[in-house]
Amino acid sequence: MSTPPLASGHEGPHALRSLLDTVLEALDTGARARGGPLPAGGPEAVAAWTREAVGDVLPDRGDPHAVRTLVHAFAATAADPAHPLCAAHLHCPPLAVAAAADLAASALNPSMDSWDQAPGASELERLVATALAREVHPAGTPDALVTTGGTESNQLALLLAREAHGGSVRLVCGANAHHSLPRAAWLLGLPEPVVVPAPGGTLDPDALEATLTRLSGPLLVAATAGTTDAGLIDPLPEIAARCAAHGARLHVDAAYGGGLLFSDRHRTRLTGLDAADTVTLDLHKLGWQPVAAGLLAVRAAHDLTALRQRADYLNADDDTEAGLPDLLGRSLRTTRRPDVLKLAVTLKTLGRTGLGALVDQVCAHARQFADLVDAHPGFELHAPPVISTVLFRPTGATDTTVAAVRRALLTDGSAVLGRARLDGRLWLKATLLNPATGPDDLAALLHLAAASRATLVEGHTPR
């Protein structure tokens, strides 16, 4: 048996070219077989179809057509975030230029744990991290780490706060905070977090003031800029002022809302963000990157010294003294892929204006969809959207019916909507991250929700 071709090296591009034709064809045929935003039939049907397509995962003799077969099956059973009726989660359709760059990263396969495995990539990461850190913190000596997303970034923020306070800190967060924050406190062995009321979905500054007044010891306040349920933004200036008055450290989870920084029209909604000691960003949300593309920005680069580690085979003292960059302090992970390449290509290709235009488009789509909901007698709108998330529900429906409407759409593969519980009620959630969505798509999404409700409750489908 001859050695299978490698992805890089002199023959790599030639070997990839023919495979790419196969992959692209299979993506196309798989999408056509799916026919909508989601495969029809629900979990059991999709699992059965996948098992049949895959067959023996590890056969005695390899299958030369495996790429075509499995990519076709992968596409046919995917939830396609580029489909305009796929609008459930903070799950963006990636830009083609970012996906193409990600192919180069996979082919060359740099490992970002030592300079001799990633010479150019290490400098590229430094440049991109510095540029994005300055978007958050224009003054001082900011820096940023590339992460796998909001969960890792939030965990890092708690770790840095703990180390900055000599090994002990208590998390204070709103009831609207992302689940990864209290989970990070648990993982790090920190005290039970103090949860502050968030009436209407945002952290209450007066309740935070009362909490900070009664607590003692080192404190980390975590605010949110873009909640996962409704895309709401905490009152950051007021929260920052309370933290400053009480000497508390401030972290802002802007995994969703951080992308507003690219938009001249919407970035003022993040006023006060620069007061935070640490900020979580996710560019696989409002950045249109393939997963993963997270960052943690820090206001003071010296905070990152807590992450320094020494491993002689990766960053020996004499190598570091001789000028080889030390990468181990740039992550909690050792081996990690060069996710920075797709970020750099996207930033350079689109620029601030191009990225800002995409942000403006999806925010405008959310307002348009909210107007359609508000004008429809069969639906109730929760509130005007803050970013690109719209919560709505059938008028007079029970929570059970709301949940059933969503599951019915998922089962027949016609539309993908999320769910959120706010103000004591269950809502359907449309998270609009596809810049290519048009007015007809928004109308179709609402019509499908109405038809699903009518079928479940009244036993017929409206004309």
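In what follows, the structure referred to is the one given above.
Because the structure is predicted, anything quoted here is derived from the model rather than measured.

K.L.:
Where do I start with the sheet that holds strand E1 (residues 86–87) in this structure?
P.N.:
In any sheet, the strands associate via hydrogen bonds between backbone groups, in a parallel or an antiparallel arrangement. Read from one edge to the other, the open sheet built from 5 strands follows the order E1-E11-E12-E10-E9, with strand pairing classed as mixed. Strands with a single pairing partner mark the edges of an open sheet, and in this sheet they are E1 and strand E9 (379–381). Its contacts with the sheet place helix H12 (residues 340–375) against E9, strand E10 (389–394) and strand E12 (425–431), and it is angled at close to 15 degrees to E10.

K.L.:
Teacher, can you tell me more about helix H13 (residues 399–412) here?
P.N.:
For an α-helix, the turn length of 3.6 residues means that residues three or four places apart are oriented alike. Taking 1.5 Å as the rise per residue, H13 with 14 residues should run 20 Å; its terminal C-alpha atoms sit 21 Å apart, in good agreement. By the burial criterion, the buried members of H13 are Thr401, Val402, Ala403, Val405, Arg406 and Leu409. The inward-facing, buried residues of H13 contact E10, strand E11 (416–422), E12 and helix H14 (439–457). Where H13 terminates, the next one or two residues include Gly413, which has phi positive at roughly 75 degrees.

K.L.:
What should I look at first to understand the sheet that holds strand E5 (residues 219–224) in this one?
P.N.:
In space, the 7 strands of this open sheet follow the order E2-E8-E7-E6-E5-E3-E4, with mixed pairing throughout. Of all the strands in the sheet, the pair left with one neighbour each is strand E2 (143–147) and strand E4 (194–196). Put simply, the sheet's adjacent strands are angled 20 degrees from each other on average, direction ignored. With 4 bridges joining them, strand E3 (residues 170–174) and E5 adopt parallel strand pairing. Note that in E5 the partner of Val172 across the bridge is Val221. Sitting on the sheet, helix H8 (residues 205–214) touches E3, E4 and E5, and the angle it makes with E4 is about 155 degrees.

K.L.:
Teacher, can you tell me more about the pairing of E12 here?
P.N.:
Both faces of the sheet carry side chains from a regular strand, because those side chains alternate between them. Counting buried positions along E12 yields 6 of 7 residues, so the element is predominantly enclosed. One ladder, built from 4 bridges, connects E10 with E12; its direction is antiparallel. Bridge assignment links Phe392 to a residue of E12, and that residue is Leu428. Here 5 bridges tie E11 to E12, and the two strands are oriented antiparallel to one another. Note on E12: the bridge partner recorded for Arg419 is Leu428. A loop of 2 residues connects E11 with E12, the two strands running antiparallel in sequence, and Asp423 in this loop sits at a positive phi of about 55 degrees.

K.L.:
Could you clarify how one ought to interpret the side chain of Glu152 in this entry?
P.N.:
Along the chain, Glu152 turns up in helix H6 (residues 150–164). In contact with Glu152, other than residues within four places in its own chain, are Thr147, Ser331 and Arg333.

K.L.:
Honestly, the side chain of His137 in this entry has me stumped. Any pointers?
P.N.:
Within the secondary structure layout, His137 lies in the loop between helix H5 (119–136) and E2. Setting aside chain neighbours within four positions, we find His137 in contact with Pro142, Leu273, Asp274, Ala276, Asp277, Val279, Ala297, Val298 and Arg299.

K.L.:
Would you take a moment to explain a negative patch on the surface for this structure?
P.N.:
Together, Asp116, Asp312, Asp318, Asp319 and Glu321 line one region of the surface with negative charge. Among the elements that line the negative patch, the one with the most residues is helix H11 (residues 317–321), at 3 residues. Within the secondary structure layout, Glu321 lies in helix H11.

What counts and how
Position numbers for residues count from 1 along each chain, tracking the sequence in the order it is written. It should be noted that, the model being predicted, local features are given only for residues of pLDDT at least 70 and side-chain atom pairs only at 80 or more, the latter also being counted only at that level, while totals for whole chains, interfaces and linings use all residues. Heavy atoms throughout the structure, all of them, feed into the side-chain values; hydrogens and water do not. Pairing between strands is defined by DSSP: at least two bridges between them are needed. Think of it this way: any DSSP run of H or I at least four residues long counts as a helix, any run of E at least two long counts as a strand, and we number them from the N terminus. Contacts between residues were defined by any pair of non-hydrogen atoms, one from each residue, lying within 4.5 Å. Working convention: axes come from line fits to C-alpha atoms, limited for helices to the stretch in contact. Angles between N-to-C directions cover 0 to 180 degrees. Helix span is expected to be 1.5 Å times the residue number reduced by one. Type-normalised accessible area, obtained with a 1.4 Å probe on protein chains alone, sets the label of each residue: buried when under 20%, exposed when over 50%, and partly exposed for intermediate values. The patches reported here contain residues having more than 30% relative accessible area and no salt bridge. Joining distances are 9 Å for like charges and 5 Å for nonpolar side chains (Val, Leu, Ile, Met, Phe, Trp, Tyr). All accessibility values rest on the Shrake-Rupley procedure with a 1.4 Å probe; residue burial counts only the protein chains present in the view. What makes a salt bridge here is a side-chain nitrogen of Lys or Arg within 4 Å of a carboxyl oxygen of Asp or Glu, nothing more. The charged-residue count follows a simple rule in which Lys and Arg add positive charge and Asp and Glu add negative charge, with His and chain termini not counted at all. Every charge is mapped to an atom, namely NZ of Lys, CZ of Arg, CG of Asp or CD of Glu.

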